[in-house]
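This is what each chain is made of:
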Amino acid sequence: MSIKCGIVGLPNVGKSSLFNALSNAGAEAANFPFCTIDPNVGIVPVPDERLEKLNELVQPEQKQPTAIEFVDIAGLVKGASEGKGKGNAFLSHIREVDLIVHMVRCFEDDDVIHVEGGVDPIRDIQIIESELIFKDLESVEKREEKLRKQAKSGDKSIQAKIDQVIKLKEHLEEGNPARSFPANGHSDAWEDLMLLSAKDVLYVCNVDEGDLPYGVDNPHAQKVAQHAAKEGTEHVVVCAKIEAEIAELDDEEKASFLGDLGLEKSGLDRLIQAAYHKLGLITFYTAGPKEVRAWAIPEGFKAPQAAGTIHTDFERGFIRAETIKFDDYVSCGSESAARDKGKMRSEGRDYEVKDGDVLLFRFNV
């Protein structure tokens, strides 16, 4: 499945530097707003130790990790919802993503201009959030107007939708994002609007190198951590400048550099895994002589749905899924050994795929 995350934030918070490190796409980084005009897109593999282990055991012709698409969206400014700073175009890019990665500046540097005059991460978060809410209000008000015209037909179900849309509008007018609105039914009244503030958010604190590994002594980062906890979401601490340097190293140099910083994983790896978790995704695997591959699916997918991520024919003609738990596969050493030891199970259409399952789908079309 396609997974798309949009990196947003005010200008000069380090978004392009982070994007460069994520994708090595070479997006321009400069000390002025809007240096990234069109959204840059990078496909980033998800770090996966289990895939590496399967690859070691099976030794296929190739391995294929699952991936996340990151979109570097140009810096938003106050008034973006009214079109300032090319705001309408940038907001439309956010509408297309599954998760908002909100990068917040948590470092002091007189040489790097802050568009609001000084570092205040909570204010910065609220500026971006407000612009998303203002844009959503436009969409909701238009929907209310459309529903009121339809209600003239006398359809009582439409009035129920109007009542719910009004409640949502009031929720937004109070400065609350759509994602915190209790739908209580009738979400179909606005579901197709793809509201910006309805999207889940993952916060990224961009700190100085001296505040690594986790920013515990950085008051700005701690404020973001508290804000994220209050919202029931996650935050990741990175130093975008350092991450860009790490991305240029080979594996051995990278491990040594991370060790010097007191880190087991790079900030990028932690960000990618946090995004994966925030989207409610799990991983299953397919393993054969031609390819060992990781597949991302939403938690709760049944076996036929998981098969459909490989090919629609697999879902349409699904018969059963031959299933081996990852740990059993590793302990047995191979698929055939797992089968011989009774560790391979045959599961039907109602089987809910578990994280780490190694699957072989049987189908007929």
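Structure: above.
Everything quoted here is computed from the prediction, not taken from an experiment.

### Some words on the overall build of the protein chain
Moving on, step 1. Across its full length, the protein chain carries 13 helices and 12 strands.
Moving on, step 2. Along the first, second and third principal axes, the C-alpha atoms of the protein chain reach 65 × 65 × 35 Å.
Moving on, step 3. Each of the 365 residues in the protein chain was classed as buried or not, and the buried ones make up 48%.
Moving on, step 4. Long-range pairs, those at least 24 residues apart, make up 69% of the contacts in the protein chain with a sequence separation of at least 6.
Moving on, step 5. Of the accessible surface of the protein chain, which amounts to about 17,600 Å², a share of 46% is contributed by carbon and sulfur atoms.

### Observations concerning the packing of helix α4 (residues 121-151) against helix α5 (residues 156-173)
Moving on, step 1. Running from N to C, α4 and α5 point in directions that differ by 160°, and their axes come no closer than 9 Å. As judged from the angle between their axes, α4 and α5 are roughly antiparallel. As α4 packs across α5, the resulting crossing turns out to be left-handed. For the pair α4 and α5, the contacting residues are Ile133, Asp136, Leu137, Val140, Glu141, Arg143, Glu144, Leu147, Arg148, Gln150 and Ala151 in the first and Ile158, Lys161, Ile162, Val165, Ile166, Leu168, Lys169, Leu172 and Glu173 in the second.
Moving on, step 2. Residue composition of the contact of α4 with α5, grouped by class: 11 nonpolar, 1 polar and 8 charged.

### Digging into empty space enclosed by the protein
Empty pockets left among the atoms are what a rolling probe the size of a water molecule brings to light.
Moving on, step 1. Evaluation of the coordinates by the stated rule reveals 1 cavity of 30 Å³ or more.
Moving on, step 2. Its boundaries defined by the atoms lining it, the largest cavity holds a volume of some 40 Å³.
Moving on, step 3. For the lining of the largest cavity, the secondary-structure elements that each account for two or more residues are β5 (99-105), α4 and β6 (200-206).
Moving on, step 4. If you tally residues by element for the lining of the largest cavity, the top one is α4, at 4 residues.

### A closer look at the environment of Glu315
Moving on, step 1. In this fold, Glu315 is placed in helix α11 (residues 312-316).
Moving on, step 2. Separated by 10 residues in sequence, Glu315 and Gln305 have C-alpha atoms that sit 6.2 Å apart.
Moving on, step 3. When near neighbours in sequence (up to four residues on either side) are disregarded, Glu315 contacts Pro304, Gln305, Ala307, Gly308 and Arg349.

### Brief notes about the layout of surface pockets
Moving on, step 1. Taken as a whole, the largest pocket spans an internal volume of roughly 1,000 Å³.
Moving on, step 2. As for the largest pocket, its lining consists of 37 residues, of which Val46, Pro47, Asp48, Lys254 and Asp269 are closest to the centre.
Moving on, step 3. Of all the secondary-structure elements, those providing two or more residues to the lining of the largest pocket are α1 (15-23), β2 (40-45), α2 (49-58), α7 (240-246), α8 (251-261), α9 (267-278) and β8 (281-287).

### Things to note about the environment of Ile128
Moving on, step 1. One can find Ile128 in helix α4.
Moving on, step 2. Each C-alpha atom of the pair Ile128 and Leu10 lies 7.4 Å from the other, and the pair is 118 residues apart in sequence.

### Describing the pattern of salt bridges
Moving on, step 1. Here the structure, examined in full by the defined rule, presents 20 salt bridges.
Moving on, step 2. Residue Glu138 is joined to Lys135 by a salt bridge in which the shortest nitrogen-to-oxygen separation is 3.5 Å. Of the two residues, Glu138 and Lys135 both sit in helix α4, 3 residues apart, roughly one turn of that helix.
Moving on, step 3. Note that Glu347 and Arg345 form a salt bridge whose closest N and O atoms lie 3.0 Å from each other.
Moving on, step 4. Connected through salt bridges with shared partners, the residues Glu129, Arg179 and Glu231 form a single ionic network.

The rules behind each value
Residues numbered from 1 in each chain as written. Predicted model: local features only at pLDDT ≥ 70, side-chain atom pairs only at ≥ 80, totals over all residues. Heavy atoms only, no water. Helix = DSSP H or I, 4+ residues; strand = E, 2+ residues; numbered from the N terminus. Buried < 20%, exposed > 50% of the residue type's maximum accessible area, 1.4 Å probe, protein only. Contact = heavy atoms within 4.5 Å. Areas by Shrake-Rupley, 256 points an atom, 1.4 Å probe, with all protein chains shown as cover. Axes fitted to C-alpha atoms, helices over the stretch in contact; angles between N-to-C directions. Parallel < 35°, antiparallel > 145°, perpendicular 65-115°, else oblique. Left-handed = near helix turned anticlockwise from the far one by under 90°. Nonpolar A, V, L, I, M, F, W, Y, C, P; charged D, E, K, R; others polar. 1 Å grid on protein atoms, 1.4 Å probe; cavity = no way out; pocket = protein on both sides within 12 Å on 5 of 7 lines; lining within 4 Å. Points joined across faces, edges and corners; volume = space filled by probe spheres on them. Salt bridge = Lys/Arg side-chain N within 4 Å of Asp/Glu carboxyl O.

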